[in-house]
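# Geometric and topological summary
Residues per chain are reported as follows:
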Amino acid sequence: MPWKIRHPRPELPLRNPMQKRRASRFLLPAVWFALLGVGSFIPFAWKLHLHIHGPLHLPAHFLVFLISGLVACGAASSQKQRIAACAAVIVYACAIEILEARVFGNSLEWIDMLVDASAVILAYVWQAFRHPQEGF
């Protein structure tokens, strides 16, 4: 309608680069841990087909939780937050193992929990050496 006066829409504020980095700092861990949770409960036949069970089972656990620890540490901005994030990842790993045992009826795999925790601790140590100047 030509006789109506159109008011310009107010411009949305642009995010500054710091806000974008902060948003991506939390988006990657959220996506990673969601995929990890879903991937943990795929059917056993699929796990066999993907060669997740068998000789590569423990190395796969170590690699996945090393990456998980690095992702969690990357989202933290201080040593206290890194410690809390790594502790949360270890609890998450244990919760996944317990739920897998309950859902699928198999025995609890303690060695998987030990490998997962070891990988997360290694990720924390790696990050601590990368950022030694940050105190508690």
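Fair warning: this is a prediction, and the values are worked out from it, not measured in the lab.

Reading the values: the criteria
- Residues numbered from 1 in each chain as written.
- Predicted model: local features only at pLDDT ≥ 70, side-chain atom pairs only at ≥ 80, totals over all residues.
- Heavy atoms only, no water.
- Core = buried A, V, L, I, M, F, W, Y, C linked by side-chain atoms within 4.5 Å.
- Buried < 20%, exposed > 50% of the residue type's maximum accessible area, 1.4 Å probe, protein only.
- Helix = DSSP H or I, 4+ residues; strand = E, 2+ residues; numbered from the N terminus.
- Contact = heavy atoms within 4.5 Å.
- Disulfide = S-S within 2.5 Å.
- Expected span 1.5 Å × (residues − 1).
- 1 Å grid on protein atoms, 1.4 Å probe; cavity = no way out; pocket = protein on both sides within 12 Å on 5 of 7 lines; lining within 4 Å.
- Points joined across faces, edges and corners; volume = space filled by probe spheres on them.
- Nonpolar A, V, L, I, M, F, W, Y, C, P; charged D, E, K, R; others polar.
- Phe/Tyr/Trp six-rings, centres within 6.5 Å; stacked < 30°, edge-to-face > 60°.
- Axes fitted to C-alpha atoms, helices over the stretch in contact; angles between N-to-C directions.
- Parallel < 35°, antiparallel > 145°, perpendicular 65-115°, else oblique.
- Left-handed = near helix turned anticlockwise from the far one by under 90°.
- pLDDT = per-residue confidence, 0-100.

Counting residues in each nonpolar core, the largest one holds 15 residues, and the members touching the most others are Phe 33, Leu 36, Phe 65, Ala 72, Val 89 and Val 120. Secondary structure elements with two or more residues in this core: α1 (17-40), α3 (57-75), α4 (79-104) and α5 (110-130). Residues contacting Ala 72, with those up to four places away along its chain left out, are Phe 33, Ala 85 and Val 89.

Within the structure shown, the criterion is met by zero disulfides. Of all cysteine sulfurs in the structure, the one in Cys 86 sits closest to Cys 73, which takes part in no disulfide; the separation is 3.3 Å. When its relative accessible area of 1% is taken as the criterion, Cys 73 is described as buried. Take Cys 86: its relative accessible area is 6%, and that puts it in the buried class.

Turning our attention to α4. For α4, built from 26 residues, the straight-helix expectation of 38 Å at 1.5 Å per residue is met to within 8% by its first-to-last C-alpha distance of 37 Å. Within α4 the residues assigned to the buried category are Gln 79, Arg 82, Ala 85, Cys 86, Val 89, Ala 93, Ile 96, Glu 97, Glu 100 and Ala 101. Just beyond α4, the residue with positive phi is Gly 105, at close to 75°.

Right, let's talk about the layout of surface pockets for a bit. If a probe as big as a water molecule is rolled over the atoms, it shows which places are left empty. Estimated volume of the largest pocket: approximately 490 Å³. Along the wall of the largest pocket there are 24 residues; nearest its centre are Gly 39, Ser 40, Lys 47, Ile 52 and Glu 100. Taken together, the residues of the lining of the largest pocket break down into 12 nonpolar, six polar and six charged.

With the rule as written, the count across this model stands at two aromatic pairs. With a centroid separation of 5.6 Å and an interplanar angle of 90°, the aromatic rings of Phe 33 and Tyr 92 are classed as edge-to-face. Here Phe 33, found in helix α1, pairs with Tyr 92, found in helix α4; they are 59 residues apart in sequence, far enough to count as distant.

The next subject is the packing of α3 against α5. For the pair α3 and α5, the least separation of the axes is 7 Å and the interaxial angle reads 40°. Compared by their axis directions, α3 and α5 come out oblique. As α3 runs across α5, the sense of the crossing is right-handed. For the pair α3 and α5, contact is made by His 57, Leu 58, His 61, Phe 62, Phe 65, Leu 66, Gly 69, Leu 70 and Cys 73 and by Ile 111, Asp 112, Val 115, Asp 116, Ser 118, Ala 119, Val 120, Leu 122, Ala 123, Tyr 124, Trp 126 and Gln 127, respectively.

Okay, the confidence of the model for the protein next. Counting all residues, the mean pLDDT for the protein is 83, and 79% of those residues have values of 70 or more. Ranking the elements of the protein by mean pLDDT puts helix α2 (residues 44-49) last with 78 and α5 first with 94.

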